[in-house]
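These are the residues of each chain, in order.
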Amino acid sequence: MKKIYQFLIFIIPIAIILSVFIILRIVPFGTNSIWYIDLPFQIILFYDHLYDVIHGQGSLLNAWNYGMGTNFWPTFCYYLSSPLSILVAFFPRYFIPQAVIVIYLLKLGLASLSMSFMLKKLFGTTEMINGIFSISYALMAFSITYYFLPMWLDSIYLLPVLIYSVHLIIKKDKYKLFLVTLTILFISNFYISYMTGIFVFLYFLIQLYLSKFTKREYVKKFTLFFSSVFLAACFSMFVLLPTYLQIKNNNYTGTEYQLKGFTMNPLDIYQRFIIGTTEVQNLSIYTGLIALLLVPLYFFNKKYSLKERISHLLLLSFLLLSIASEFLNYVWHLFEVPNGAFYRFAFLISFYLIFLSVKSFIALDKNMLPILWKIYGFNIIMICLLNKLSDQNYFTLTEMYINVLIITALFIILAIKSVKVQYKYRQLLNMVLLCIVAFDLLCNSLLIFRNYTAASSPADWDEVYNPAYSNAIHHIKEMDKGLYRVKPENELLSTENESLRYGYNGMSIYTSTGNGNLNNFLSTLGYSASQRAVNMKNGIFVSDILFGFQYIVSLHQKDERIYQKIFEEGNIKAYKNNYSLPIGFLVNKEQFSSLDNQEKWMDKQNAMLGSYNGYSSYYSDLKPDPYSLDNLSYSPDVKLFQKIDPASPAFIEYKIKINNLQQLYLQLNDEEYKNYDQLYSISIDDKKLEAAKLGFLNSFDLGTFENEGINVRLEINQNAQSVSLPQFYTLNYTLLDKRIDEIRRSTFHIEKFSDNFVSGNIDVKKGDRVLFLSIPYDKNWQITVDGKQVGSIKLGEFLGIPLSKGSHELKLHYVPKALYGALIFSAAMLVCYLIYVFVFERRNRNSVNN
């Protein structure tokens, strides 16, 4: 019977969420989805790569198909190191999105089970009572709100075990459960374990304060606690250290942050304890309406000492104050400003509310009934007022009445239970109470998931262009087994991390554990990039070829002078770039050292490619005078065209002479580029231009031209009254072709490569040169030239290897020193600890027994 109860405690939260999926017709029970931001754009794709690693087709160290070549270990530790992540290996690869949801549901079940375990051990409560509060814990708002960040939920099922193990340290001097659980927590998620650790330490202090020990015993308890924390940190150092170093290397927090003041008033906080008031990615502290009745009741219950109640009140007040306080919020988030997903420590508050609710519930008697009445009345008034005080679209009348009915039903059951009733009726009351709580949690989960379905991507968000798109990628990989990069154009890119799904080597990336220095460098070259993300958009031709982008996948026909078509299926086409370069080639060091002196992206691009016979104007500004103006006057001091007759059409026309083979671009200012569709229509030789936006640099691709004159006409839409002076620039393919031909004479020929290894040869024909490798600079690359280990230099944010004249054999091994050092340290500490346990502790026990 006990096992059946445990199974039910495990399965009820899962069943409630599946019921919500059915009601809301969420995949696979309908067409709605919960693919919200990080889940489809990061988590699922990281699991794609983990699946490949498990099946021997990828590496947890260097990943070529992740941000041009990025150390994947910090990403694994930050997002995927849950013990349950291994389960993806047992699903088909195409079923990974559903596998992630299965893992999420299992974590909810484990949270319920672990809470039941803790309650049984600490309070000796029955399985029915355990079920009531365990499912409340498993389905607290935090668990529902952050389903899309499942790596945070391991702490939820580990926290109750940690709290129980704290009691073992205090009461029995047993530390091993605490040590093992804390180690698993540290390994499972670097970030949330920090918050959990703070709470567990505060709870430990309260329990020590409430206990009576000699000074020597207090010292022993502290020693057991902190030695366990130290050992857990040592055992998990192979996760903690590399992840910490990677995150701190990327400065995500702005330089200005208000550490003084408050962000929420008490009414705002109270409101979040109500069904239907949890907003998307915001404060999530709801844990069932039963807590609104039982938690206040606890602080009036004289069965518990005043000292205990004041202690718990202080800790609860501190946790709630942390929500409102700018400074405390900042501390809880590891001294960083959260990028969305605010109040990430809220699950600790929910846990504590459940904990106090149980203490209140088991001490409930008729003496508490008058106070319970007052608490119930207060909550009814507050719930009704919230409907008036807040936005009624946010907290509707329907939601208000649901809250009133549920809290009334809970009050009635608690009031009856406060009076002594026969055992069989107590069991019936507990069953009814479980049903009411389950319905309460169902309602709240339903409303939260409803909000997420409205904000989520469509169920087939990443299948719009498949199977043709995936077939194009597959064709390229089958045709060319070398080390190169592929650029899908912006319209095809489902997310920055999709290269992990399709297995091609790209540039785009979106993660908190990427190479922030590389991202910033790419931004200076003109790419759309930030510390956390790079979106290649439609690329920048010169740097694309320098970085080894040999293939392009597109919806559009490409100029045969520039590209060679290699694949076509439906409207998907794949091309090989005729100007493409390999991963490595010889350069002059000055090409990159001069980049810091260049301010414009265009000048940086030209400098990075180097000159041909003293010429390096591959990109150049073009400043044609307007050939014809209609209904416009021009103000040269502000560079603005103004309509003469606001009600009539207007246009600007340019006659542009193109010499040699060149690409022509148009550039607008920020606002006009953003609102282009409302301001302009562009025609080239009376042919309207379609789909010309590059997606960055505020630029439009006007086409490829060779030794010809063209007319560019910009028609000003009727609603627009003024426009800025447009800018033109060109890319000179003729000059570029000569420079590319020169570079191709001194390239690095790759013989073998894997995720963590590259070998090849190169012939340096004259003078001391530098081998440029479009591999992101990382000190973990160990390089040998002709069998001798050499150092590397930084070229921009890429690897450079100085070489002397002659033929050379090169080998590059990726050796993450911090990881390997930390792994050796963790293993050594574990061995030392096991020796201590099996030798010294056993000897001490034997001597005590004798």
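This text gives an overview of the structure that appears in the document. (Residues numbered from 1 in each chain as written. Predicted model: local features only at pLDDT ≥ 70, side-chain atom pairs only at ≥ 80, totals over all residues. Heavy atoms only, no water.)

### Overview of the sheet that holds strand S27 (residues 798–803)
Selection criterion: Note on pairing: DSSP must find at least two bridges between two strands before they are called paired. Under the scheme used here, helices are H or I runs from DSSP no shorter than 4 residues and strands are E runs no shorter than 2 residues, and both carry numbers assigned from the N terminus. Working convention: axes come from line fits to C-alpha atoms, limited for helices to the stretch in contact. Angles between N-to-C directions cover 0 to 180 degrees.
Spatially, S10-S23-S27-S26 is the arrangement adopted by the four strands of the open sheet, whose pairing is antiparallel. Only two strands of the sheet have a single partner each, and these edge strands are strand S10 (584–587) and strand S26 (793–795). If you compare each strand with its neighbour and ignore which way they point, the axes differ by 40 degrees on average. By the bridge criterion, six bridges tie strand S23 (residues 769–776) to S27 in an arrangement that is antiparallel. What sits directly across from Phe-772, in S27, is Gly-800.

### Concerning the pairing of strand S15 (residues 650–667)
Filter applied, for reference: When accessible area is computed with a 1.4 Å probe and restricted to protein chains, residues below 20% of their type maximum are described as buried, those above 50% as exposed, and intermediate ones as partly exposed.
The buried fraction of S15 amounts to 13 of the 18 residues, a majority that puts the element mostly inside the structure. Here four bridges tie strand S12 (residues 626–630) to S15, and the two strands are oriented antiparallel to one another. Bridge pairing links Asp-630 to Phe-651 in S15. Relative to strand S18 (residues 699–716), S15 runs antiparallel, the two being bridged by 16 bridges.

### Notes on the nonpolar core
The criterion, for reference: Residues grouped as a nonpolar core are buried Ala, Val, Leu, Ile, Met, Phe, Trp, Tyr and Cys residues, joined through side-chain atoms within 4.5 Å. Any pair of residues with heavy atoms lying within 4.5 Å of one another is described as a contacting pair.
If you look at the biggest cluster of nonpolar residues, it comprises 250 residues, and the most contacted ones within it are Phe-133, Phe-449, Phe-541, Phe-547, Tyr-619 and Leu-736. Top contributing element to this core by residue count: helix H4 (residues 96–123), with 13 residues. If we ignore the near neighbours within four places in the chain, the residues touching Tyr-619 are Ile-540, Phe-541, Val-542, Trp-601, Met-602, Gln-605, Asn-606, Tyr-665, Tyr-729, Thr-730 and Leu-731. Counting residues in each nonpolar core, the second largest holds 28 residues, with Leu-632, Leu-679, Ile-682 and Val-723 among its members.

### Regarding the sheet that holds strand S5 (residues 528–529)
Taken in spatial order, the three strands line up as S4-S6-S5 in an open sheet, and their pairing is antiparallel. Of all the strands in the sheet, the pair left with one neighbour each is strand S4 (509–510) and S5. Bridge count for S5 against strand S6 (residues 533–535) is two bridges, and the pairing is antiparallel. Looking at S6, one finds that Ala-529 is bridged to Val-534. Sitting on the sheet, helix H22 (residues 516–524) touches S4, S5 and S6, and the angle it makes with S6 is about 40 degrees.

### Comments concerning the pattern of salt bridges
Oppositely charged side chains can pair when the atoms bearing their charge come close. For clarity, the threshold we go by: The salt bridge definition used is simple: a Lys or Arg side-chain nitrogen within 4 Å of an Asp or Glu carboxyl oxygen.
Applying the stated criterion across every chain, the model contains 22 salt bridges. Among the salt bridges present, the one from Arg-272 reaches Glu-279, with a minimum N-O distance of 2.8 Å. Classification of Glu-279 by relative accessible area gives partly exposed; the value is 31%. Salt bridges linked by common partners bring Asp-173, Lys-220 and Lys-221 together as one network.

### Describing the packing of aromatic side chains
Each pair of aromatic rings is reported with the distance of its centres and the angle of its planes. Rules: Only Phe, Tyr and Trp rings are paired, with Trp represented by its six-membered ring, and only when their centres lie within 6.5 Å; those with planes under 30 degrees apart are stacked, over 60 edge-to-face, the remainder tilted. The criterion for a charge sitting over a ring is simple: Lys NZ or Arg CZ within 6 Å of the ring centre, and within 35 degrees of the ring normal.
On inspection of all chains with the given rule, the structure shows 75 aromatic pairs. On the basis of an interplanar angle of 80 degrees and a centroid distance of 6.3 Å, the ring pair of Phe-46 and Phe-72 is categorised as edge-to-face. Of this pair, Phe-46 sits in helix H2 (residues 38–54) while Phe-72 is found in the loop between strand S2 (70–71) and helix H3 (73–80), placing the two residues 26 residues apart along the sequence. Just as Phe-46 is buried, Phe-72 falls in that class too. Above the plane of the ring of Phe-213 lies Lys-221, whose end atom (NZ or CZ) is 4.7 Å from the centre.

### Description of the packing of helix H10 (residues 215–235) against helix H11 (residues 237–249)
How two helices pack is summed up by the angle between their axes together with the distance between the axes. Basically, it comes down to this: Small angles under 35 degrees read as roughly parallel and large ones over 145 as roughly antiparallel, with 65 to 115 read as roughly perpendicular and the rest as oblique. Throughout this entry, Asp, Glu, Lys and Arg are counted as charged residues, while Ala, Val, Leu, Ile, Met, Phe, Trp, Tyr, Cys and Pro are counted as nonpolar. The remaining residues, Gly among them, count as polar.
Contact geometry of H10 with H11 gives a least axis separation of 5 Å together with a crossing angle of 75 degrees. In terms of axis orientation, H10 runs roughly perpendicular to H11. Within the contact between the two elements, H10 uses Ala-233, Cys-234 and Phe-235 and H11 uses Met-237, Phe-238 and Leu-240. Its residues assigned to classes, the contact of H10 with H11 comprises six nonpolar, no polar and no charged.

### Side note on the state of the cysteines
Quick note on the threshold: By convention in this document, the label disulfide applies to cysteine sulfur atom pairs within 2.5 Å.
Per the counting criterion, the structure on display carries zero disulfides. Summary of cysteine pairing: Cys-77 is not part of a disulfide, and the nearest cysteine sulfur, belonging to Cys-234, is at 16 Å. Cys-832 provides the cysteine sulfur closest to Cys-234, a residue in no disulfide bond, and the two sulfurs are 10 Å apart. Classification of Cys-234 as buried rests on a relative accessible area of 2%.

### Some remarks on unusual backbone geometry
Residue Pro-28 is bonded to the preceding Val-27 through a cis peptide linkage, with omega at 10 degrees. Relative to the assigned elements, Pro-28 resides in the loop between helix H1 (2–23) and H2. Omega for the peptide link from Asn-466 to Pro-467 comes to 10 degrees, which places this bond in the cis form. Note on placement: Pro-467 falls in the loop between helix H19 (423–455) and helix H20 (468–479). Although it is not a glycine, Asn-707 sits at a positive phi angle of roughly 50 degrees. Inspection of the secondary structure puts Asn-707 in strand S18.

### Side note on helix H25 (residues 601–609)
With eight of its nine residues buried, H25 lies for the most part within the structure. Buried within H25 are the following residues: Trp-601, Met-602, Lys-604, Gln-605, Asn-606, Ala-607, Met-608 and Leu-609. Following H25 by one or two positions, Gly-610 adopts a phi angle in the positive range, close to 85 degrees.

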